[in-house]
Amino acid sequence: MPDKPARRGAERRAVHHQVGSGLAELVPDLSRTRSWLLFLDGIPQSQVDLDDPGYLEFEYVRRIGHIADLAFPGPVALRVLHLGGGAMTLPRYIAHTRPDSRQLVAEVDAELTELVRRHLPLSAGRRIRVRAGDARQVLESVPPASYDLVISDVFAGARTPFHLTTAECAGAVARALRPGGVYTVNVADGPPLDRVRGAVATVRSVFGETCMIAETGVLHARRVGNFVLAASERPLPYEQLRRAVAADPFPARLVDGAELVQFVSGASVVTDAAGPSSPPLQSTNW
């Protein structure tokens with residue numbers, strides 16, 4: 001019997017399916033009627049509420065939502081490039097909040113995309129295209145100055161693939177962005193925070209304006225967690241973002257200016273030539 005998509009009022013059962021990137025599990029979120037969680041090899045990847053795509057459960061995803069909302073005020077339509085798709089939480093969010101936006105999602109795992117489309121279908125009429133392919137290759141193939149916002153949220157297991165963390169990749173993002181465009185990237189790290197320091201140093205080497213958002217315990221290297229970076233060639237809405245992330249259910253801090261310079265002191269810019277060298281994270285509980 002073929003798999004069936006989630007339907008309103010139907011009994012919800014978890015779906016387990018082997019895809020290219022591992023064992024994918026779509027699990028009902030019992031706290032919300034038509035909300036689902038995506039796990040890959042046991043690691044939480046995405047949350048989607050089919051009734052309310054404007055609801056963002058994961059705190060780091062909510063912070064990226066704040067960046068999109070505040071960097072581009074009003075309901076203006078955007079052109080958005082997503083590096084990494086998962087269950088397409090953020091493409092759904094932007095389509096919901098800015099209905100005429102045109103979005104391209106780069107997702108290397110075509111089997112995962114098919115699973116998500118089958119069980120958690122995108123709303124009809126949304127201008128969301130999914131391209132099966134490596135995120136950096138898709139990034140480097142798009143025309144110059146073609147996107148307002150580039151969102152990078154790509155993981156292989158508990159870490160971002162190395163070739164998406166380098167100055168050359170950030171340079172390709174800068175090329176893809178329109179004047180005034182914004183780049184935001186999710187970085188997972190834990191003590192001693194070498195990975196995120198390198199990520200910030202690398203992004204700052206390409207973009208003139210940069211900030212970082214994280215919970216205090218994560219920022220102070222007390223546990224593994226998510227750091228959201230935002231960068232642009234224009235000033236970012238730092239104070240509005242600061243207030244927004246501080247008011248979230250799990251408050252976070254925004255770091256910019258001299259404090260950010262101090263945070264990355266001594267960190268090297270990551271380049272393609274360096275190659276991956278960091279040890280694996282010791283915990284993936286973020």
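Please read all numbers here as calculations on a predicted model, not as lab measurements. (Residues numbered from 1 in each chain as written. Predicted model: local features only at pLDDT ≥ 70, side-chain atom pairs only at ≥ 80, totals over all residues. Heavy atoms only, no water.)

Digging into the packing of aromatic side chains
All chains considered together, the criterion is met by 1 aromatic pair. The ring of Phe72 carries Arg234 above its face, with NZ or CZ at 5.2 Å from the centroid. (Phe/Tyr/Trp six-rings, centres within 6.5 Å; stacked < 30°, edge-to-face > 60°. Lys NZ or Arg CZ within 6 Å of the ring centre and 35° of its normal.)

Comments concerning the sheet that holds strand β8 (residues 147-152)
An order of β7-β6-β5-β8-β9-β11-β10-β12 is seen for the 8 strands of this open sheet, with the pairing classed as mixed. In this open sheet, the two strands that pair with only one neighbour each are β7 (127-132) and β12 (253-255). Here the strands of the sheet are splayed against their neighbours by 15 degrees on average, with no regard to which way each runs. Docked against the sheet, helix α6 (residues 194-204) engages β9 (177-189), β10 (209-214) and β11 (225-232), running at close to 170 degrees with respect to β9. (Pairing = 2+ DSSP bridges. Helix = DSSP H or I, 4+ residues; strand = E, 2+ residues; numbered from the N terminus. Axes fitted to C-alpha atoms, helices over the stretch in contact; angles between N-to-C directions. Contact = heavy atoms within 4.5 Å.)

Details of the packing of helix α1 (residues 59-71) against helix α2 (residues 89-97)
Their axes nearest at 11 Å, the elements α1 and α2 cross at an angle of 35 degrees. Crossing angle aside, the handedness with which α1 passes α2 is right-handed. On the side of α1, the interface is formed by Val61, Ile64, Gly65 and Asp69, while α2 contributes Thr89, Leu90 and Tyr93. Residues of the contact of α1 with α2, tallied by class, amount to 4 nonpolar, 2 polar and 1 charged. (Left-handed = near helix turned anticlockwise from the far one by under 90°. Nonpolar A, V, L, I, M, F, W, Y, C, P; charged D, E, K, R; others polar.)

Quick look at the environment of Glu239
Its place among the elements puts Glu239 in helix α8 (residues 238-246). For the pair Glu239 and Val105, spaced 134 residues apart in sequence, the C-alpha to C-alpha distance is 30 Å.

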